[in-house]
Amino acid sequence: MPAISSSAPGKIILVGEHAVVYGQPAIAIPIHQLRARAYFLANPAGPKGRIHIIAPNIDLEKDLEDLGETHPFTRIFELIKSQFEIEHFPSMDVKIVSDIPIAAGLGSGTAVSIALIRGLVQFIGETLDEEEVSRLAFEVEKIYHGTPSGIDNSVVTYGKPIYFIKNVKPEILSINDEFYFVVADSGIKSETSQVVRSVRNGWQNAKIQYELLFNEIGALSTQAKDYLLEGLREQLGVLMNKNHELLCRLGVSNIILDRLVNSAIMAGALGAKLSGAGAGGNIIALVPNNRIKSVQEALREAGAVKVILTSLPKKK
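Structure report, in brief. (Residues numbered from 1 in each chain as written. Predicted model: local features only at pLDDT ≥ 70, side-chain atom pairs only at ≥ 80, totals over all residues. Heavy atoms only, no water.)

**Section: the sheet that holds strand S9 (residues 271-275)**
Either a parallel or an antiparallel arrangement is found when strands of a sheet pair, and the pairing is made through backbone hydrogen bonds. Strand order in the open sheet formed by four strands is S9-S10-S8-S11, and the pairing between neighbours is antiparallel. Only two strands of the sheet have a single partner each, and these edge strands are S9 and strand S11 (306-312). Direction aside, neighbouring strands of the sheet carry axes that sit 25° apart on average. One ladder, built from five bridges, connects S9 with strand S10 (residues 282-287); its direction is antiparallel. Bridging from a neighbouring strand, Lys-273 pairs with Ile-284 of S10. The sheet contacts of helix H7 (residues 233-250) involve strand S8 (179-185), S9 and S10, and relative to S9 the element is tilted by about 40°. (Pairing = 2+ DSSP bridges. Helix = DSSP H or I, 4+ residues; strand = E, 2+ residues; numbered from the N terminus. Axes fitted to C-alpha atoms, helices over the stretch in contact; angles between N-to-C directions. Contact = heavy atoms within 4.5 Å.)

**Some details on the packing of aromatic side chains**
This structure, assessed with the given rule, holds six aromatic pairs. Between Phe-179 and Phe-181 the ring centres are 6.4 Å apart and the planes differ by 10°, which places this aromatic pair in the stacked class. Looking at Phe-181, the relative accessible area reads 0%, which means it is buried. Ring centres of Tyr-210 and Phe-214 lie 6.2 Å apart, and the angle between their planes is 70°; on these two criteria the pair is classed as edge-to-face. Here the residue Tyr-210 and the residue Phe-214 both occupy positions in helix H6 (residues 207-230), the gap between them amounting to four residues, near one helical turn. We note that Tyr-210, like Phe-214, is buried. (Phe/Tyr/Trp six-rings, centres within 6.5 Å; stacked < 30°, edge-to-face > 60°. Buried < 20%, exposed > 50% of the residue type's maximum accessible area, 1.4 Å probe, protein only.)

**Focus on the nonpolar core**
Ranked by internal contacts, the top residues of the largest apolar core, which has 105 residues, are Phe-40, Ile-53, Phe-77 and Leu-299. Setting aside chain neighbours within four positions, we find Leu-299 in contact with Val-182, Ala-184, Leu-260, Ala-264, Ile-283, Ala-304 and Val-307. (Core = buried A, V, L, I, M, F, W, Y, C linked by side-chain atoms within 4.5 Å.)

The following block contains the structure:
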């Protein structure tokens, strides 16, 4: 049996992070330049039911049974076993590789989960539609993030820009014009679950204040959807700046992220903001075509450890 391979892209939140956990809309876009990949190879000579996993990015090489019941990889195999009422998997070797930075808000864990789900389903000769893939990945997200909104598994599964509201089917956005974004990694690891927990603690202590902020962020996401669909770059840039200011008021930015945001704007970006949980990770800047290089250079000079150019191509 030939090896089976599958993959999934990274992602980044364009607008609406944190507020999306509390029922407000948000927009996320895929980053196809970054991907997680999973490879499955049957091992008929191996011990019965042995699943050997190699994941060099996290320095892991173990049999599945040695990972423990709460490990995300274990959860994925259990979910697929339940989904298709499988008693035992055949012996196999699984290799997982990813060029998505870990703990940077770019969907590393989500992409790995979805690549594993897709590949394992194909390996056992079954099929799942995208909605079911996303649903299973959401169950794994609970291990990573505690109380996820569902936006990460949705955008990574569909691989297209989405307008997302919790517990509502994602709306895939068809963009009429091309948008260019520069993503810059601060180099600071950020544990999403910890930052989300911090925001939740703040919300519990000052619900009215926080919900006003969430409402403002949600209104920006709704407006951003219109700007994307209408190709209004300058207006979207101003909105991204406002979103960053609100995230600062939520307490999830820091001096490093602020410096990257300001450097991008000074170099000609139309707008910029932190993306994801905050406290580290990445910023995203909307750039006109003629300012891409200057913004990239400015971000490197400001301390970004990695700079990626991504785009939303207009629909054909």
